[in-house]
Amino acid sequence: MLERTLEVSPRVALAHLPTPLEPLDRLSEMLGGPRIWVKRDDCTGLATGGNKTRKLEFLMAEALRHGATCVITEGATQSNHARQTAAACARLGLGCHILLEDRTGFQDPAYRLGGNVLLSRLHGATVSARPAGADMTSEMARLADRLRTQGARPYIIPGGGSNALGALGYVNCAAELSRQARDTGTRLDGLVHATGSAGTQAGLLAGLCSIGSEMQLWGIGVRRAQDRQEEKVHSLATATADLLGNGVVIPRTAVRATDSQIGAGYGQPTPAMCAALRQVARLEGLLLDPVYSGKAMAGLIELSRAGHFDGLHNIVFLHTGGSAALFGYPETFDLPGYQA
């Protein structure tokens, strides 16, 4: 029933789906707990991939349905969402206008102009900066008004693509992951992922509850205190379930979003993130990013070492992409230079 509901929802094909589900056996051996798997949503295919592409399949379909000539969205300076939105607009022949909030204060040109910012500009997006704490919703509305006076028809996508419509992308991911588990005869006991704008976790919750899955879900927060993040996720998961119209109720107790990996703030590197990112790169040949998936992996390692996975057999790490942001943090990882 869930898959039929998703099939009739307007959607444009942007992602390479299904994304692979692969074991991380060297990491599993190091941790000494359950077998760790990675759900490769870094391989969705659009502009180096990432989780936002799943959301954009539904959001861009809505933009086209409204006859939009351009899209406006917002994010932090090294926004993965902005980069994928710029690529989606390029593919569909729409203009793209991106507002980037300075949440870190970093002034390094590699951070301000490289990585995701470079790729967004390559895809033809206009990029504008806004100060930390700006009301980004109002900023987008003002830009939309200005573009309308110029004859454009803008469609506004919220930061992270995180509304109920965008969250359908991760309802679909929950169903996809369930199929992969069934097809391989693998019982998946838990799923760990980064949580920020809340759409990924909300969609996963709505999807898992809709199919009656007993899989545990751990969100690793990258921006807000735990209580605030959990309320944001629960509210959006409830709205997503309402959009599905299947009568599913999302229990508040099902929402878990630890804040132990945030460190000094959003986008600020932490020693645990740096260590986790290096370990996975060297154990598995897998690149994470410093803002989301690196902190999420640090959270997975922390959960494992604290015994939260005791008695479980298979844990999935959702790789939300973002390795392009590494090029915005060139001095963060204390890597050696050329050797003689």
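See the structure shown above.
Residues numbered from 1 in each chain as written. Predicted model: local features only at pLDDT ≥ 70, side-chain atom pairs only at ≥ 80, totals over all residues. Heavy atoms only, no water.

**What to know about the layout of surface pockets**
Looking at the largest pocket, its volume works out to about 430 Å³. Lining the largest pocket are 25 residues, with Glu74, Arg103, Gly159, Ser197 and Arg223 positioned closest to its centre. Sorting the residues of the lining of the largest pocket by element identifies strand S3 (70–76), helix H4 (80–92) and helix H7 (136–149) as the ones contributing at least two each. Of the volumes computed, that of the second largest pocket is approximately 250 Å³. In terms of lining residues, the second largest pocket is bounded by Leu277, Arg278, Ala281, Arg282, Leu287, Ser323, Leu326, Phe327, Tyr329, Pro330, Phe333 and Leu335. Here the lining of the second largest pocket is built from residues that sort into nine nonpolar, one polar and two charged. (1 Å grid on protein atoms, 1.4 Å probe; cavity = no way out; pocket = protein on both sides within 12 Å on 5 of 7 lines; lining within 4 Å. Points joined across faces, edges and corners; volume = space filled by probe spheres on them. Helix = DSSP H or I, 4+ residues; strand = E, 2+ residues; numbered from the N terminus. Nonpolar A, V, L, I, M, F, W, Y, C, P; charged D, E, K, R; others polar.)

**What about the packing of helix H3 (residues 52–65) against helix H8 (residues 164–184)?**
Contact geometry for H3 and H8: axes closest at 7 Å, N-to-C directions at 140°. Considering the angle they form, H3 stands oblique to H8. Along this stretch, H3 crosses H8, giving a crossing that reads as right-handed. In this structure, H3 uses Arg54, Lys55, Phe58, Leu59 and Glu62 to contact H8, whose residues at the interface are Leu165, Gly166, Leu168, Gly169, Tyr170, Asn172, Cys173 and Glu176. Classifying every residue of the contact of H3 with H8 gives six nonpolar, three polar and four charged. (Axes fitted to C-alpha atoms, helices over the stretch in contact; angles between N-to-C directions. Parallel < 35°, antiparallel > 145°, perpendicular 65-115°, else oblique. Left-handed = near helix turned anticlockwise from the far one by under 90°. Contact = heavy atoms within 4.5 Å.)

**So, the pattern of salt bridges**
Taken as a whole and assessed by the stated rule, the structure comprises 18 salt bridges. A salt bridge links arginine 65 to glutamate 62, with the nearest nitrogen and oxygen atoms 2.9 Å apart. With arginine 65 and glutamate 62 both in helix H3, this residue pair falls three residues apart, about one helical turn. Assessed through its relative accessible area of 18%, glutamate 62 is described here as buried. Across the pair arginine 252 and glutamate 230 runs a salt bridge whose closest N-O atoms are separated by 3.1 Å. Taken together, the positions of arginine 252 in the loop between helix H10 (226–244) and strand S9 (257–258) and glutamate 230 in helix H10 put the pair 22 residues apart, joining distant regions of the chain. Of the residues examined, arginine 252 reaches a relative accessible area of 30% and is grouped as partly exposed. Here the salt bridges share partners, and the residues they tie into one network are Lys39, Asp41, Arg54 and Glu176. (Salt bridge = Lys/Arg side-chain N within 4 Å of Asp/Glu carboxyl O. Buried < 20%, exposed > 50% of the residue type's maximum accessible area, 1.4 Å probe, protein only.)

**Some points on the packing of H3 against H4**
One can describe the packing of H3 onto H4 by two numbers: an axis separation of 10 Å at closest approach and a directional angle of 45°. When the axis of H3 is compared with that of H4, the two are oblique. When you trace H3 past H4, the crossing you get is right-handed. Two secondary-structure elements touch here, H3 through Lys52, Thr53, Leu56, Met60 and Leu64 and H4 through Asn80, His81, Gln84, Thr85, Ala88, Cys89 and Leu92. Within the contact of H3 with H4, the residues separate by chemical class into six nonpolar, five polar and one charged.

**So, the side chain of histidine 97**
Take histidine 97: it is sitting in strand S4 (residues 95–101). Leaving out residues up to four positions away in the same chain, histidine 97 has contacts with Cys70, Val71, Ile72, Thr73, Thr126, Leu143 and Leu147.

**Comments concerning empty space enclosed by the protein**
Taken as a whole and judged by the stated rule, the model has one cavity of 30 Å³ or more. Every residue lining the largest cavity is counted, 14 residues in all, and those nearest its centre are Asn51, Lys52, Ala194, Thr200 and Tyr292. Elements with a contribution of two residues or more to the lining of the largest cavity: H3, strand S7 (190–195) and helix H9 (199–210). Tallied by class, the residues present in the lining of the largest cavity amount to three nonpolar, nine polar and two charged.

**Details of the nonpolar core**
In this structure, Leu27, Val192, Met297, Leu300, Phe309 and Ile315 are the most contacted members of the largest nonpolar core, which totals 36 residues. When residues of this core are traced back to their parent elements, those giving at least two are helix H2 (25–31), strand S2 (35–40), S7, strand S8 (216–221), helix H11 (271–284), helix H12 (293–305) and strand S10 (314–319). Dropping the residues within four chain positions of it, phenylalanine 309 is found in contact with Pro34, Val192, Trp218, Leu300, Leu303, Ser304 and Ile315. Counting 34 residues, the second largest nonpolar core, distinct from the first, contains Tyr170, Ala174, Met215 and Leu244. (Core = buried A, V, L, I, M, F, W, Y, C linked by side-chain atoms within 4.5 Å.)

What is shown is where atoms sit, not what they do.
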